[in-house]
Every structure is written in structure tokens, then in C-alpha cells.
Amino acid sequence: MHPRLLRLAPAAALVLVFAACSQQEPATPTATTATPPPPPPPPAPHKIEPVTPSVEGHTSPDITAEDFAARDQKISSDAFEGRKPGTIGERMATAWIKDQFELVGLKPGNNGNWFQTVPMVVATQLDPDKITLDVAAKNGDEHLAYRSDMIVGTLDASPSVDLKDSPIVFAGYGVVAPEQNWNDYAGLDVKGKTVIVLVNDPGWGNHDETLFKGKALTYYGRWTYKYEEAARQGAAACLIVHETPGAGYPWEVVVNSWSGPQDALPMREDPAPRLNVAGWLTTEAAQRLFAKAGANFDELKKSADLRGFKPTALDAKLSTSFKTRVDNMSSENVLGMIRGSTRPDEVVVYSAHWDHLGKDPNLKGDQIYNGAIDNGTGIAGLIEIAEAFTHQDPAPRRSVLFVAMTLEEAGLLGSRYYVTHPAFPLDKTVADINMDALPILGPTKDIAVISWGQSELDDYIKDAAAAENRTVVPDETPEKGFFFRSDQLNFAKLGVPVLYARSGLDLVDGGEEAGRKAYADYTANHYHKPADEYDPNWDFRGIVQDLKALYAVGRKLADETTFPQWKPDADFQRPATSPPAAAATPSDH
Ligand SMILES: [Zn+2]
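As the structure is a computational prediction, the values presented were derived from the model and not from experiment.

A. Molecular detail of the overall build of the protein chain. A tally of helices and strands in the protein chain yields 14 helices and 20 strands. A buried classification covers 57% of the 589 residues belonging to the protein chain. Relative to all contacts within the protein chain whose residues are 6 or more apart in sequence, the contacts with residues 24 or more apart total 83%. Within the structure as shown, the protein chain displays about 23200 Å² of accessible surface, and the carbon and sulfur contribution to it stands at 55%.

B. Spotlight on the environment of Ile 433. Following the sequence through the fold, Ile 433 ends up in strand 16 (residues 429–434). In this structure, the C-alpha to C-alpha distance between Ile 433 and Leu 499, residues 66 residues apart in sequence, is 4.8 Å.

C. Spotlight on the packing of aromatic side chains. Tallying each qualifying case throughout the model produces 26 aromatic pairs. Both rings, one in Phe 80 and one in Trp 96, keep their centres 6.3 Å apart while their planes meet at 55 degrees; by these two values the pair is tilted. Of this pair, Phe 80 sits in the loop between helix 1 (65–75) and helix 2 (88–103) while Trp 96 sits in helix 2, and the two are 16 residues apart along the sequence. Pair check on accessibility: Phe 80 and Trp 96 agree, each one buried.

D. Main features of the packing of helix 1 against helix 2. In the contact formed by helix 1 and helix 2, the axes pass within 11 Å of each other and the chain directions differ by 160 degrees. Here helix 1 is positioned roughly antiparallel relative to helix 2, judged by the angle of their axes. From helix 1, Arg 71, Lys 74 and Ile 75 reach across to helix 2, where they touch Ala 93, Trp 96, Ile 97 and Gln 100.

E. Representation of the confidence of the model for the protein chain. The share of residues in the protein chain with pLDDT of 70 or more is 90%, and the mean pLDDT across the chain is 89. Predicted confidence is poor over residues 1–34, with pLDDT under 50, and the contacts of this stretch with residues over four places away or in other chains come to 124 contacts. Here residues 578–589 scores under 50 on pLDDT; set against residues more than four positions off or in separate chains, the count is 13 contacts.

F. Layout of empty space enclosed by the protein. The tally for this structure, following the rule as stated, stands at three cavities of 30 Å³ or more. Estimated volume of the largest cavity: approximately 70 Å³. Those elements that place two or more of their residues in the lining of the largest cavity are helix 4 (223–232) and helix 5 (244–247). The residue inventory of the lining of the largest cavity, partitioned by class, reads six nonpolar, three polar and three charged.

G. Region of interest: the sheet that holds strand 18 (residues 471–474). Spatially, three strands are ordered 18-17-20 in an open sheet, and the strand pairing comes out mixed. Here the strands that pair on one side only, and so sit at the sheet edges, are strand 18 and strand 20 (501–503). Between one strand and the next, the sheet's axes are offset by a mean angle of 35 degrees, whatever the strand orientation. Of the strands in this sheet, strand 17 (446–449) and strand 20 touch helix 14 (residues 541–559), which is tilted by about 155 degrees from strand 20.

H. Here's a closer look at helix 4. The buried fraction of helix 4 amounts to eight of the 10 residues, a majority that puts the element mostly inside the structure. When we look at burial in helix 4, the residues that qualify are Trp 223, Thr 224, Tyr 225, Lys 226, Tyr 227, Glu 229, Ala 230 and Ala 231. In this structure, the buried residues of helix 4 make contact with strand 7 (176–177), strand 9 (194–198), strand 10 (237–241), helix 6 (251–258) and strand 12 (277–281). Gly 234 occupies a position one or two residues after helix 4 and carries a positive phi of about 90 degrees.

I. Region of interest: the pattern of salt bridges. Inspection of the entire model under this criterion finds 27 salt bridges. With a closest N to O distance of 3.5 Å, Lys 445 and Asp 506 form a salt bridge. Of this pair, Lys 445 sits in the loop between strand 16 and strand 17 while Asp 506 sits in the loop between strand 20 and helix 13 (511–525), and the two are 61 residues apart along the sequence. By relative accessible area, Lys 445 is classed as partly exposed at 40%. Note that Arg 516 and Glu 476 form a salt bridge whose closest N and O atoms lie 2.6 Å from each other. Of this pair, Arg 516 sits in helix 13 while Glu 476 sits in the loop between strand 18 and helix 12 (488–493), and the two are 40 residues apart along the sequence. Glu 476 gets classed as partly exposed once you look at its relative accessible area, which sits at 42%. One connected set of salt bridges, linked through shared partners, spans Glu 142, Asp 149, Arg 288 and Lys 292.

J. Region of interest: the packing of helix 1 against helix 9 (residues 372–390). Contact geometry of helix 1 with helix 9 gives a least axis separation of 8 Å together with a crossing angle of 135 degrees. Taken as axis vectors, helix 1 and helix 9 run oblique relative to one another. Along this stretch, helix 1 crosses helix 9, giving a crossing that reads as right-handed. Across from Asp 67, Phe 68, Arg 71, Asp 72 and Ile 75 in helix 1, the residues of helix 9 making contact are Ala 372, Gly 376, Thr 377, Ile 379, Ala 380, Gly 381, Ile 383, Glu 384 and Glu 387. A per-class count over the contact of helix 1 with helix 9 returns six nonpolar, three polar and five charged.

K. Just the side chain of Asp 149, in detail. Tracing the chain through its elements places Asp 149 in the loop between strand 4 (140–145) and strand 5 (150–153). Apart from the residues within four sequence positions on either side, Asp 149 is in contact with His 143, Leu 144, Trp 251, Trp 280, Leu 281, Thr 282, Ala 285 and Arg 288.

L. Focus on unusual backbone geometry. A cis amide bond links Asp 374 with the next residue in sequence, Asn 375, at an omega value of 5 degrees. Within the secondary structure, Asn 375 sits in helix 9. The omega angle of the peptide bond from Asp 393 to Pro 394 is 5 degrees, so this bond is cis rather than trans. Positionally, Pro 394 belongs in the loop between helix 9 and strand 15 (398–405). At Ala 157, a residue that is not glycine, the phi angle is positive and equals roughly 60 degrees. Mapped onto the elements, Ala 157 comes out in the loop between strand 5 and strand 6 (160–170). The residue Asn 200 is not glycine, and still its phi comes out positive at about 70 degrees. Mapped onto the elements, Asn 200 comes out in the loop between strand 9 and helix 3 (202–206).

The rules behind these values
Positions within a chain are numbered from 1, following the residues in the order the chain's sequence is written. The predicted origin of the model limits local features to residues at a pLDDT of at least 70 and limits the giving and counting of side-chain atom pairs to 80 or more, whereas totals for whole chains, interfaces and linings rest on all residues. Hydrogens and waters are ignored; side-chain quantities use all the structure's heavy atoms. Note on conventions: DSSP H or I runs of at least 4 residues are helices, E runs of at least 2 residues are strands, and numbering of each starts at the N terminus. Remark: exposure states derive from per-residue accessible area (1.4 Å probe, protein chains only) relative to the maximum for the residue type, with buried under 20%, exposed over 50%, and partly exposed in between. We call two residues in contact when some of their heavy atoms are within 4.5 Å. In these tables, accessible area is a Shrake-Rupley quantity obtained with a 1.4 Å probe, and a residue counts as shielded only by the protein chains included in the view. A pair of aromatic rings is counted whenever rings of Phe, Tyr or Trp (Trp by its six-membered ring) have centres within 6.5 Å, and the orientation is called stacked for planes under 30 degrees apart, edge-to-face for over 60 and tilted otherwise. For helices, the axis comes from a line fit to the C-alpha atoms of the stretch in contact; other axes are also lines fit to C-alpha atoms, and the angle between any two N-to-C directions lies between 0 and 180 degrees. Angles are sorted into four bins: roughly parallel if under 35 degrees, roughly antiparallel if over 145, roughly perpendicular if 65 to 115, and oblique for all others. pLDDT is a per-residue confidence score from the predictor, ranging from 0 to 100. Only protein atoms enter the 1 Å grid used here. Points where a 1.4 Å probe fits but cannot escape make up a cavity, open sets with protein on both sides within 12 Å along at least five of seven lines make up a pocket, and a residue lines them when an atom lies within 4 Å of a point. Grid points are joined across faces, edges and corners, and a volume is the space filled by probe spheres set on the points. Side-chain classes follow a simple rule in which Ala, Val, Leu, Ile, Met, Phe, Trp, Tyr, Cys and Pro form the nonpolar group, Asp, Glu, Lys and Arg form the charged group, and the remainder, Gly included, forms the polar group. Strand pairing is defined by DSSP finding a minimum of two bridges between the two strands. Just to be clear on terms, a salt bridge is a Lys or Arg side-chain nitrogen sitting within 4 Å of an Asp or Glu carboxyl oxygen. Whether a crossing is left-handed or right-handed is set by the direction in which the near helix is turned from the far one by less than a right angle, anticlockwise for left-handed and clockwise for right-handed.

And the structure:
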């Protein structure tokens, strides 16, 4: 995701993990001959043989490491310039994906078209490094600097922002959750005011398993929710106080994600209220600001964890002004499909975003964000699974749709547009199986299910894993909220059950310790950096198993007549009364 949504996926790599198991056995001498057999070759070094990527046009119908490697290498190559929507990199990447879809035997998936045009507005701040947040407070003024103290921008596409002396209010977590009997805005009128809120939700802050979902992040903990709620309340500005554990990613990621052009759907496609000013503060900047207002940030923060928290007006006012250039543009989702043999109007969806962060001419050295893991792995996986389906005999009974989504990094915009303009009605959409930033860790004993506990798809992935002698485990970092951080969210919000699963961390070679080490290495050194590059030394055995499991789940769903259900306490549900689909409407797919 544009780093704004962050799923810090795991992934990664590496060599450190490939232990043991040489695949080169000494040749067995054949029968008796006069000449003694040659001496056995020296023991192979302690690593696996690198995979030789398949030549384009010579791929296998099976899901293989060679095909996957070729496709990941290609989609993450420098030629695609980091796949930023609206650039030449987009045109090259989407054309290549369409060609691959065609090559493996898919048909156009969007009512006869390969593409779905997603309109967007791009807001680019002018002179961002000159922007300050100017606080006039009880104990003096404070000027917060762009990048080092804060990040700020507009969400309503205003060309010119001029906020003057907006009263500042601390609103805890900024959450209104009637079913939890929790309202951080209780008794508060924030019209025209600046709201400062904390990351995550009270259950996380309080380490109380009875509040919200305890340590696990709920949708209320997502920054997207906090801005949506502040806008609904009528606030002029909302600033979220960053901290690494609660956000799940370091300040650097906030800066990288929010500086530079910001993409959004046009207002006509998404008419919910939007903030004029939205941003983030570092914890240190918040502490300074609160101190200038005669308040103690750390104490107020603690009070926000407790039931009965009351929002607090600070003796401080905020001013800021900046200009933004707003451009209307568009980007493309790429859709390919297989028509079902007996139930063609019902569909199983596989999705993966193709977009990434582009390139940054200001960087020293490597300037291209290749996104080989994020999300070259998802796109390569999408094509691999499509190829397996098109060679399947007999053909699937239900239709199967493969969507390469755009604008995921920008805030899941391509998938939001898709679900409001779906190629198949959502009440005929059986499930969405989404792939994003799949880890390449080598073989693992487990599959981590990010969507665990939400729907009956848990049982499907469990069976598919068991068939490969693997187990399934819930996401071990539910506090990071990966469930809300990729395209499956937009399907889930409208009631379509979703599966988001990937290799776990329990490596066959090295166990959990090695898995955690590899995960930490990816997060620290590769995630959303130019170093997220294809590595010829990757061990693809685990990811091939993952893709086979995801294929097996989709195949089962495509041959069934039932629809998987959400669990009763899931975050989302299918709409209570879906109107019966118009009888016998011929599908034009
Ligand atoms: Zn991604």
C-alpha cells in the first residue's frame, strides 16, 4: 500500500534461511563395470540451487517455482519503474499483465474488456518542506516542522488551505463505537476545531482483552477510520499521534507515505465527508505541544484507555496554510476471467494489486521501488493460479475472475472502485481471495491466516494446508491489523467473505526463530524501500505451496453450489436482505 495502509508484510527472504538439505546426491554407480566409478562430487555448499526462471511463452500449466520466479522478476524489473499509477510504468505493467492473462488463456473479465478505468484525483503539495503547524498556546508558541515533527495535507482536494486559530481538542482514540458503548467525542462539538487522536484503539492501549478486541486491531484503530470519523464530526483538522508499536510501522513510513502526491477517488465516487486538514504528529512533537498548552500528553494518553474518558480541550490553537495542485487522472484495474461451465453467473474472485511506489529521483543510488515482494509476489501468484485454472479439466463450474487492482498503495482505491462497479454482482460473488506481499521464506510448516476467525473460509484453507502436511495459524500480529490493510477490506465491507493467507514463520529449516529474523529483516530493510527487489537466491518452495493451497481453495469454491458464510462475530456480514437476483438474466461475460 501506499504506505498509507501498510501491511508490513513479511516476506523476505533469504539466504540465511536456506539451511540444510543439499539436493545434490552423489551419483549412484550403475552396475558393475571395469572402470571404478568416479569419486563422488564434493558436498554441495549449504544452500539450495537457484531457480532458473522460465522463458516467457514456455511456462508450465502447473504452479511452479520457475514460472513464479520469471513473473515476479519481470513485474519487479527496473523497466516498469516501480509501477506508479499514472506513469509510463503503469502502462507497461498493465499491458504486460493483460498479455499474461491472455497468454495463459483467460478471457476479458470486465464485460468484454480487459481493463476497468478508475478515476482519481492527485493532490500534490507545493513547497511541503516550508509548511509548519503553528501552535499558539498558554505557555508560548510552538512551530512544528514538516517531516521531523509532523506530516500534513488535505483530503478534500482543496487547492488552498488556510486554517487560522483552530481550537485544539484531545479526543482520545477518536472512536465512536456504540456497540462497545464507547464515544470519544461524547458531549463534544468539534466543528471547525483541530482534533488530536491516538493510533490504534482502547483495547490495545489498555491491554484489556474485554475492550474492543484486546490486542488485536479493530477497524476503529485504523487511521482511515479516524479521519472518516473526525470528518463526520465536522472537525476542520485531525492529527494522529504516531508511535511505532501502536501503528505497526516506524515514523519513516508515515513520512514516505504522506509526502509526495496523494491519490483519491473523485468526490462523486466517494461522497463521504472529508477533512480539510489531516496529518500525523510524532510522539515527541505531541509531548511538546501539550506541554506548551499546560497539559501532560502521557497522562492524558493513559486516561484515554479507560472507560469514561472525557475529551479535553487544550489551551492551544492551531494555524497552518499550504497550497496543493490537484490533477484529475485515471488508472486501470486489469481483469481476466474463466467462464463457469454450469454456474457462470456466480464468481470466485482472486485479487492482487499491481501498483507500487514508482521511483524517487531524490534518492541516492537505487531510485526505483521495484516492489518484488509488494506486490510482485501477488501478481505473479495471480497469473500462476489463473494458468492452473485455464488448464484444469474439467473446467470450473462457477466463473473465476482475476483482478489486478490499481491504487492499493494509495488507500485501496482500485478495489473500492471495483466493488462499486463489479463485473459480477456482489451477491453472486462467492469470495475474494486476495494476495499481497507474500513472504518468500523457504518452506514453512504453517500458513498464517490474516482473515482468521472471520468466515467459513478458515475451514477451506485449513483443508488445503493439511493436504500439504501444513497447519494453519492465526495472524500472530493481529495488532497490526493486516486484515484491514489490503484490497480484501473493500470486499469485506460490502459483505463478501474474504481469504487473506500466506506463509507462516515456522520455517522447515530453522523454525520460528529464523522465520522471525527473516520477517524482521524484510520489515526493517526492504518493506517500501528500493531494496524490495527480486533475489535470484530466493527459496521459492514455500510460496509455491502457498499458491497451490490458495488455488485448491478457489477450485473447491468454484465447484460448489453453496456460499461460504461469515462467522456471527465477524467484523463484517453479508447485507441482511440481498434482493433476489433478477431471474434468468443472461450473463454477458
Ligand atoms: Zn501491497
